[in-house]
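Summary of the model geometry
In case you want the letters, here they are:
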Amino acid sequence: MLYTSTRNNKIRVSAAQAIAQGISEEGGLFVPCEIPQLSLDKISALTDMTYIQRAKEILKLFLTDFSDEELNYCVEGAYEKSKFSSEKIAPTVEVGENEYILELWHGPTCAFKDMALQLLPYLMTVSAKKTADGKTIVILVATSGDTGKAALEGFKDVDNTKILVFYPVDGVSPMQKLQMTTQEGNNVAVCAINGNFDDAQSAVKSIFTNGEIKKELAEKNMMFSSANSINWGRLVPQIVYYFSAYADLVEQKRINCGDMINFVVPTGNFGNILAAYYAKKMGLPIKKLVCASNSNNVLTDFLTTGKYNKNRAFYTTTSPSMDILISSNLERLLYHIGGDNDNLVSDLMSALSEKGEYEISEDMLNSIKSDFDAGFADENAVLETISINNYLFDTHTAVAVKVYEDYVSRTNDNIPTVIDSTASPYKFAKTVLCAKLNKESIGLDEFESVKELNKLTGFDIPLPLKALENKEVRFNNVCNKEDMKQMVFKLLNL
Ligand SMILES: *Cc1c(COP(=O)(O)O)cnc(C)c1O
């Protein structure tokens with residue numbers, strides 16, 4: 001299995017090279033040259049397996065340059081039971097008729113990013129050994145909140161790696177901020193930037209592709225890589241839980257193997273739902289992938305009209321991990337539905353960076369519509385959804401639940417549907433508590449809100465969030481987006 005770039009399809013690299021490098025030299029993203037298939041028999045065989053076994057079955061199709069021993073080492077280390085608060089790792093829970101929640105937040109940072117970022121450091125260090133032995137890998141991260149913490153936790157004290165995280169100063173929840181600024185480890189650094197997530201992501205991308213900086217790093221025997229979902233090593237672990245959720249429903253006798261189901265995914269950078277798209281193209285019986293957005297509904301418009309336009313108001317919402325107007329992974333979808341057309345992708349991406357907009361052909365739009373549906377939920381709808389449901393949702397999951405309800409009333413399509421739950425409600429405790437109490441504000445801080453929400457609902461508080469209250473803040477750097485480059489040098493002691 002080889003990988004190519006969305007902006008130059010002459011390129012051929014191994015999985016290890018794609019993962020170690022993170023992004024292709026000309027700025028494109030790595031994609032598999034062909035998509036492996038999994039037969040219904042093989043899917044059916046997943047039902048009797050643990051999450052770790054399921055992960056090995058899926059990952060070995062994509063990571064063909066990893067030996068069995070290497071893959072075992074990676075997967076067993078990442079999904080070790082002690083790191084997850086559910087023995088099933090990602091359990092599927094029934095919440096209504098034909099309505100299921102896939103709980104992806106049982107990892108150490110209580111958001112779905114752990115599903116990939118617990119595995120990525122293993123994939124990265126094995127990949128670096130194969131392709132760049134002896135180099136120190138410098139992970140640069142732009143985060144809208146959850147990636148930063150999950151990446152810090154995954155990479156802390158991992159040999160031959162350093163990790164630098166940039167987050168928008170006013171764009172993350174108090175809990176997310178505290179999780180990052182109190183991070184332990186000898187190879188980590190965190191910095192706030194004056195700007196939003198798109199600013200942070202664009203600056204990180206331009207640092208990555210800056211030849212001068214790369215050269216300077218190479219002289220110190222270092223190289224950059226990415227833990228954002230532009231890295232294939234972030235995406236491929238996410239394909240696993242779509243198969244796993246399907247296998248759970250078969251195992252629980254909710255469906256027969258071969259029955260169609262839908263997935264609803266609360267979406268920001270389009271990484272999670274793109275993993276679902278790969279699962280569908282591999283043969284998982286999925287009818288529709290429903291893309292759920294918050295008030296930043298650029299994807300709803302794009303998936304329904306074929307016009308992408310980021311020139312619009314940016315809203316800071318209660319679901320900050322979805323406050324994104326430039327969804328990086330859409331580039332991979334454009335490549336696949338455009339018939340592996342690298343020139344087309346390069347043109348569309350130039351139009352996006354120069355004019356902030358682009359439009360795709362009728363054929364491409366039809367291809368999108370056969371796989372995707374889309375909707376969005378505004379702030380009032382999110383709070384109401386949390387308030388009226390018995391199951392306790394975080395704000396991101398609530399966006400998806402609301403979009404699902406709208407989807408069913410619009411289409412009458414009520415086949416079994418799995419909604420991704422991407423964060424623990426306690427990560428956004430104050431907002432969730434206000435919604436539950438139908439109040440606009442409460443005179444409680446974040447930790448008091450956690451305790452109050454627990455009293456009100458009886459829902460368990462994850463231990464890693466409980467432990468934060470007494471941790472010391474280690475990082476309080478803030479910089480302007482123009483100064484991120486200097487900050488990188490400073491933090492790396494160059
Ligand atoms: C990152 C994140 C999302 C968005 O996922 P993408 O892969 O960026 O689309 C949704 N919810 C939560 C809680 C997240 O952390």
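Notes on the structure follow. Here the residue numbering is sequential within each chain, running from 1 through the sequence in written order. Under the rules for a predicted model, residues below a pLDDT of 70 receive no local features and side-chain atom pairs below 80 are neither given nor counted, while totals for whole chains, interfaces and linings still include all residues. Hydrogens and water are ignored here; the side-chain numbers use all heavy atoms of the structure.

Digging into the overall build of the chain
Every helix listed is a DSSP run of H or I at least four residues long, and every strand listed is a run of E at least two residues long, numbered separately from the N terminus. The helix and strand inventory of the chain stands at 22 helices and 16 strands. The globule rule used for comparison is 2.2 Å times the number of residues to the exponent 0.38, while the radius of gyration itself is calculated over C-alpha atoms. For the chain, whose C-alpha radius of gyration is 21 Å, the value lies close to the compact-globule estimate of 23 Å for 494 residues. Reported as C-alpha extents along the three principal axes, the dimensions of the chain are approximately 60 × 50 × 50 Å. For each residue, the accessible area found with a 1.4 Å probe, counting protein chains only, is set against the maximum for its type, and the residue is called buried under 20%, exposed over 50%, and partly exposed in between. Counting over 494 residues, the chain shows a buried share of 60%.

Focus: the side chain of Asp 394
You can see Asp 394 is positioned in the loop between helix 17 (379–388) and helix 18 (395–411). One buried charge, Asp 394, has no salt-bridge partner; the nearest side chain with opposite charge is Lys 427, at 8.9 Å. Contact definition: two residues touch when any of their heavy atoms are within 4.5 Å. Apart from residues lying up to four places away in sequence, Asp 394 is in contact with Ile 386, Thr 422, Ala 423, Ser 424, Pro 425, Phe 428 and Val 432. Here Asp and Glu are counted as negative and Lys and Arg as positive; His is not counted, and neither are the chain ends. Salt bridges are identified by distance alone: a Lys or Arg side-chain nitrogen within 4 Å of an Asp or Glu carboxyl oxygen.

Some details on helix 9 (residues 197–208)
One less than the residue count of a helix, multiplied by 1.5 Å, gives the span that helix is expected to have. Taking 1.5 Å as the rise per residue, helix 9 with twelve residues should run 16 Å; its terminal C-alpha atoms sit 16 Å apart, in good agreement. Every buried residue of helix 9 is listed here: Phe 197, Asp 198, Ala 200, Gln 201, Ala 203, Val 204, Ile 207 and Phe 208. Buried residues along helix 9 sit against strand 6 (136–142), strand 7 (161–168), strand 8 (188–194), helix 10 (211–219), strand 9 (222–226) and helix 22 (484–491). Definition of a polar contact: a pair of N or O atoms within 3.5 Å, with one able to donate and the other able to accept a hydrogen when the atoms are protein atoms, and with sequence-neighbouring residues admitted only if both atoms are side-chain atoms. The N-terminus of helix 9 is capped by Asn 196, whose side-chain oxygen sits 3.1 Å from the backbone nitrogen of Asp 198.

Considering the pattern of salt bridges
For the coordinates displayed, the defined rule picks out 22 salt bridges. Linking Glu 251 and Lys 88 is a salt bridge whose minimum nitrogen-to-oxygen distance equals 3.6 Å. On the criterion of sequence distance, the pair formed by Glu 251 in helix 11 (residues 232–251) and Lys 88 in the loop between helix 4 (68–78) and strand 4 (92–96) is long-range, its members being 163 residues apart. In this structure, the salt-bridge partner of Lys 287 is Asp 413, at a minimum N-O distance of 3.2 Å.

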